[in-house]
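# Per-entry structural report
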Amino acid sequence: MTATDPKTDPKTDLRIYLQDARDVLLWKLDGLSEYDLRRPLTPTGTNLLGLVKHVTGAEAMYFGDTFGRPFPEPTPLWFTGDAEPNADLWARADETTEEITGRYRRVWAHTDATIEALPLDAIGRIPFGRRAEQTLHRVLVHMISETHRHAGHADLLRELVDGATGQRPDGINTAPGDAAWWQAHHARVERAAREAGGLG
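Model, not experiment: these values are computed from the prediction.

Basis of the calculations
- Residues numbered from 1 in each chain as written.
- Predicted model: local features only at pLDDT ≥ 70, side-chain atom pairs only at ≥ 80, totals over all residues.
- Heavy atoms only, no water.
- Axes fitted to C-alpha atoms, helices over the stretch in contact; angles between N-to-C directions.
- Helix = DSSP H or I, 4+ residues; strand = E, 2+ residues; numbered from the N terminus.
- Parallel < 35°, antiparallel > 145°, perpendicular 65-115°, else oblique.
- Left-handed = near helix turned anticlockwise from the far one by under 90°.
- Contact = heavy atoms within 4.5 Å.
- Nonpolar A, V, L, I, M, F, W, Y, C, P; charged D, E, K, R; others polar.
- 1 Å grid on protein atoms, 1.4 Å probe; cavity = no way out; pocket = protein on both sides within 12 Å on 5 of 7 lines; lining within 4 Å.
- Points joined across faces, edges and corners; volume = space filled by probe spheres on them.
- Core = buried A, V, L, I, M, F, W, Y, C linked by side-chain atoms within 4.5 Å.
- Buried < 20%, exposed > 50% of the residue type's maximum accessible area, 1.4 Å probe, protein only.
- Polar contact = N/O pair within 3.5 Å; in protein donor to acceptor, adjacent residues only side chain to side chain.
- Expected span 1.5 Å × (residues − 1).
- Phe/Tyr/Trp six-rings, centres within 6.5 Å; stacked < 30°, edge-to-face > 60°.

The subject of this paragraph is the packing of helix H1 (residues 10-27) against helix H5 (residues 136-162). At a minimum axis separation of 9 Å, H1 and H5 run at an interaxial angle of 25°. Accordingly, the angle class assigned to the pair H1 and H5 is roughly parallel. For H1 against H5, the interelement crossing comes out left-handed. Residues Leu14, Tyr17, Leu18, Asp20, Ala21, Arg22, Val24, Leu25 and Trp27 of H1 form the contact with H5, whose participating residues are His137, Leu140, Val141, Met143, Ile144, Thr147, His148, His150, Ala151, Ala154, Asp155 and Arg158. Considering only residue class, the contact of H1 with H5 consists of 13 nonpolar, four polar and four charged.

Below is the structure:
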């Protein structure tokens, strides 16, 4: 079945949307230097490679230990053992981009095997929080939401790095326009904001 097949089943639909978010997140890394992949672009240190590292750990936990199918590699998360706060949201200098993105792809395979092996109503036990017991269906919806949220963060970070925009390489989903057009658009939005805010 494909994304355009109207007869897809619910599990396939969920996997398509999860994979779409994964692909976007990795695509946002393409062509950047090691520095630009890692540098903090917000006051809280948000960075492109750190987003990938974070969703790797989250996906490994949600589709691994939660369903009794632990991912065989370490993926430290903010709440595990003696992990430092935000350890999963940035890349140390000794962690290579290939190591982080490779682990993410291996987590995909592990997750997809879990999804394939279990029915959507299978119950998993999340190792933290108040609602520890969740169905595979609910965990999948959560992971789709989380990965798309972080792909949106990556959209903004990539634009800050080099101005690149769009959802995927085969079809940019932003208005067409050169640098001058975008400058004029930016100025128009700024004027409307100032007017609405009573700033003249």
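Take the layout of surface pockets next. Empty space among the atoms becomes visible once a probe the size of a water molecule is rolled across them. Roughly 150 Å³ of internal volume is contained in the second largest pocket. Contributing to the lining of the second largest pocket are Thr44, Gly45, Thr46, Asn47, Gly50, Leu51, Asn86, Leu89, Trp90, His150 and His153. Those elements that place two or more of their residues in the lining of the second largest pocket are helix H3 (48-63) and H5.

Our next topic: the nonpolar core. Grouped together as the largest cluster of nonpolar side chains are 33 residues, with contacts concentrated most on Tyr62, Phe63 and Leu140. For this core, the elements supplying multiple residues, two or more each, are H1, H3, helix H4 (97-117) and H5.

Quick look at the side chain of Arg158 now. Checked against the element boundaries, Arg158 lands in helix H5. Here the side chain of Arg158 touches Asp30 through a polar contact of 2.8 Å, landing on its backbone oxygen. Setting aside residues up to four positions removed in sequence, Arg158 forms contacts with Trp27, Lys28, Leu29, Asp30, Leu32, Leu48, Gly163 and Ala164.

Once that is clear, we can look at H1. Between its first and last C-alpha atoms H1 spans 26 Å; for 18 residues at 1.5 Å apiece the expected length is 26 Å, and the two agree. Residues of H1 that are buried: Lys11, Leu14, Leu18, Gln19, Asp20, Ala21, Arg22, Val24, Leu25 and Leu26. In this structure, the buried residues of H1 make contact with H3, H4 and H5. Backbone nitrogen of Lys11 and a side-chain oxygen of the N-cap are separated by 3.1 Å at the start of H1; the cap is Asp9.

Here we take up the packing of H1 against H4. Running from amino to carboxyl end, H1 crosses H4 at an angle of 175°, the nearest separation of the two axes being 12 Å. Taken together, the axes of H1 and H4 are roughly antiparallel relative to one another. Between H1, through Lys11, Arg15, Leu18, Gln19, Arg22, Asp23, Leu25 and Leu26, and H4, the contact on the second element is made entirely by Thr101, Tyr104, Arg105, Trp108, Thr111, Asp112, Ile115 and Glu116. Residue composition of the contact of H1 with H4, grouped by class: six nonpolar, three polar and seven charged.

Turning to the environment of Arg106, a few remarks are in order. Inspection of the secondary structure assignment puts Arg106 in helix H4. For Arg106, a relative accessible area of 40% puts it in the partly exposed group. In sequence terms Arg106 and Pro72 are 34 residues apart; their C-alpha atoms lie 10.0 Å from each other. Residues contacting Arg106, with those up to four places away along its chain left out, are Phe71, Glu73 and Glu99. At 2.7 Å, the side chain of Arg106 and the side chain of Glu73 are in polar contact.

Turning next to the packing of aromatic side chains. Each aromatic ring pair is characterised by the separation of its centres together with the angle its planes make. For the structure on display, the rule yields two aromatic pairs. Ring centres 5.2 Å apart and planes at 75° place the aromatic pair Tyr104 and Trp108 in the edge-to-face group. Placement of both Tyr104 and Trp108 in helix H4 is noted, with a separation of four residues, approximately one turn of the helix. The exposure classification of Tyr104 matches that of Trp108, with both residues buried. Aromatic side chains Trp181 and Trp182 sit 4.7 Å apart centroid to centroid with 85° between the ring planes, which places their arrangement in the edge-to-face category. Residue Trp181 is classed as partly exposed on the basis of its relative accessible area, which comes to 35%.

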